[in-house]
Amino acid sequence: MKRIRKRRNGFALLAAAGIISAVSLGAACFFEAAFAFGAIAFGSFLLALRQTLLLRDATLIRDNRIISVSPPPGSIPVKKKNNDTEETVVSTFGVLIGSKIYRWGLSGVHGVRLNCACIDKERIYLTFGDAIRTIRLEVLHGMTQNQTVLDAAQKLWYETGISAGITGW
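Thresholds, definitions, all that
Residues numbered from 1 in each chain as written. Predicted model: local features only at pLDDT ≥ 70, side-chain atom pairs only at ≥ 80, totals over all residues. Heavy atoms only, no water. Helix = DSSP H or I, 4+ residues; strand = E, 2+ residues; numbered from the N terminus. Buried < 20%, exposed > 50% of the residue type's maximum accessible area, 1.4 Å probe, protein only. Contact = heavy atoms within 4.5 Å. Core = buried A, V, L, I, M, F, W, Y, C linked by side-chain atoms within 4.5 Å. Pairing = 2+ DSSP bridges. Axes fitted to C-alpha atoms, helices over the stretch in contact; angles between N-to-C directions.

Turning to the overall build of the chain, a few remarks are in order. Tallying secondary structure elements over the chain gives three helices and eight strands in all. Mapped from its N terminus to its C terminus, the chain presents α and β elements in the order α-α-β-β-β-β-β-β-β-α-β. Counting every position in the chain, which comprises 169 residues, the buried fraction comes to 30%. Contacts spanning at least 24 positions in sequence make up 48% of the contacts within the chain whose residues lie at least 6 apart.

Take a look at the structure:
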């Protein structure tokens with residue numbers, strides 16, 4: 001989420017700088033340069049708007065979480081250890097993995113839906129899609145106790161209507 005917010009703020013700042021530059025160059029009668037900076041400002045505004053929509057979806061997923069998993073300590077590359085670890089959130093409305101969002105359940109009956117969930121000793125397997133495309137996602141869960149897995153499966157069923165298959169426990 002921090003990465004999405006940082007990109008949104010950067011694009012908004014670039015759009016503001018482009019608008020200021022375009023106005024000042026237009027006032028100085030440099031119309032070609034003003035047009036170029038205006039185009040940069042418009043593109044940056046559109047990218048900031050896209051990041052705002054992604055941030056809204058990420059917030060929706062984070063606020064309606066079913067399972068929240070931090071990566072195992074050994075799986076984080078050395079370069080990323082100083083930054084915040086990327087948390088994986090499985091939600092009623094999708095999955096948030098770092099700044100990558102997989103959405104479902106927001107477009108009505110004919111949109112992307114969660115179809116299947118399975119939990120084993122190490123991973124949660126989620127299958128979701130629509131009539132055209134299906135995606136299978138594997139997420140490390142880090143749950144070690146049987147009761148935690150049963151609680152997660154119960155909450156998944158309650159929130160999404162999908163009964164999770166539990167194997168290997």
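Counting residues in each nonpolar core, the largest one holds 21 residues, and the members touching the most others are Ile67, Leu114, Ile119 and Leu126. Of all the elements in the fold, those that place two or more residues in this core are strand E1 (65-69), strand E5 (113-119), strand E6 (123-129), strand E7 (134-140) and helix H3 (146-160). Element by element, the count of residues in this core is highest for H3, at four residues. Not counting chain neighbours up to four residues away, the residues in contact with Ile119 comprise Ile124, His141, Met143, Val149, Ala153, Ala164, Gly165, Ile166, Thr167 and Trp169.

Turning our eyes to something else, we now look at the sheet that holds E7. Reading across the sheet, the four strands line up as E7-E6-E5-E8 and stay open at both edges, with mixed pairing between neighbours. Each of the sheet's edge strands pairs with one partner strand only, and the pair in question is E7 and strand E8 (165-166). Bridging between E5 and E8 involves two bridges; their strand directions are parallel. Paired with Ile119 across the strands is Ile166, a residue of E8. Running at roughly 170 degrees to E5, H3 makes contact with E5 and E8 of the sheet.

The strand order E1-E2-E3-E4 describes an open sheet built from four strands, whose pairing is antiparallel. In this open sheet, the two edge strands, each paired with only one partner strand, are E1 and strand E4 (100-103). With strand direction ignored, the average angle separating the axes of adjacent strands in the sheet is 10 degrees. Relative to strand E3 (residues 94-97), strand E2 (residues 88-91) is paired through three bridges, and the arrangement is antiparallel. Across the sheet, residue Val89 finds its bridge partner in E3, namely Leu96. Against the sheet, helix H2 (residues 31-63) engages E1, E2, E3 and E4, with an angle of about 70 degrees to E4.

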